[in-house]
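# A look at the structure
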Amino acid sequence: MKGVVITQFLEMVEERYGMDVADQLLQSDGLSTHGVFTSVGTYPHTDAVLLMSTLARRRNTALGAILQEYGEYLFGYFTTQYPVFFNENASFFDFLLSVEEVIHPEVLKLYPDAQLPRFQSELINEQTMRMVYLSDRCMGPFAHGLILGCAVYFNVGVRIASRDLDNGRKVEFIIQLD
Ligand code: HEM
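Report follows, based on the coordinates.

Criteria and cut-off values
Residues numbered from 1 in each chain as written. Predicted model: local features only at pLDDT ≥ 70, side-chain atom pairs only at ≥ 80, totals over all residues. Heavy atoms only, no water. Helix = DSSP H or I, 4+ residues; strand = E, 2+ residues; numbered from the N terminus. Rg over C-alpha atoms; globule rule 2.2 N^0.38 Å. Buried < 20%, exposed > 50% of the residue type's maximum accessible area, 1.4 Å probe, protein only. Contact = heavy atoms within 4.5 Å. 1 Å grid on protein atoms, 1.4 Å probe; cavity = no way out; pocket = protein on both sides within 12 Å on 5 of 7 lines; lining within 4 Å. Points joined across faces, edges and corners; volume = space filled by probe spheres on them. Nonpolar A, V, L, I, M, F, W, Y, C, P; charged D, E, K, R; others polar.

The subject of this paragraph is the overall build of the chain. A count of helical and extended segments in the chain gives six helices and four strands. The N-to-C order of helical and strand elements in the chain reads α-α-α-α-α-β-β-α-β-β. Relative to the globule expectation of 16 Å for 178 residues, the C-alpha radius of gyration of the chain, 16 Å, shows essentially globular dimensions. The principal-axis extent of the C-alpha atoms belonging to the chain is close to 50 × 35 × 30 Å. Taking all 178 residues of the chain together, 47% fall into the buried category. Excluding contacts between residues fewer than 6 apart, the proportion of contacts in the chain whose partners are at least 24 apart in sequence is 58%.

Attention shifts here to empty space enclosed by the protein. On inspection of all chains with the given rule, the structure shows one cavity of 30 Å³ or more. The calculated volume of the largest cavity comes to roughly 670 Å³. Counting residues per element, the ones that place at least two in the lining of the largest cavity are α1 (3-17), α4 (63-81), α5 (92-110), β2 (128-134) and α6 (140-153). Sorting elements by how many residues they give to the lining of the largest cavity places α5 first, with six residues. In the lining of the largest cavity, the residues fall into 27 nonpolar, three polar and two charged.

Put into structure tokens, the structure is as follows:
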């Protein structure tokens, strides 16, 4: 996992839950680097899961809820960090289609060791898109949060229904414009 995904998570924790909570998460047993992460490093995916599940336990909430919250937060960071991918004239659905076709392939050129999910997306009608998330890392709720963050960026109201099709490895999202 790219370090930026971990350092931005810690940034969110600091902003929303306080520096002391972020510090405590970094002291969790089992982190590969004993709690030292840089945005340009690459770390085992399990480090991110450990930090996120420790926060979930502390806040007495589900890991999925933390992943979704973080996905929504991280989308805002992407818009400021990678402006080249954001064209205000594009539509929300066009942007979602471009994640698989353009954005993630470009991410892979920048960071050849990035571990990215696959998406199978199709427009069902002008108001509805079906997006199927595929990844062994089982981060469907993170994708859900990113899609919500994307809707905020494009200033559209959405309803998203998700359905697990294979123990978290394959998740279907039906995204409906309000
Ligand atoms: C709604 C739009 C997006 C969705 C739904 C999405 C989905 C995801 C998901 C679910 C992951 C976690 C890895 C996995 O599950 O296997 C991921 C990783 C990542 N995505 Fe996206 N993404 C979106 C947009 C973007 C954008 C705009 C950028 C940057 C310009 C980006 C860059 C990355 C990077 C750097 C990673 C981390 C790769 C790693 O840790 O090795 N994504 N994305």
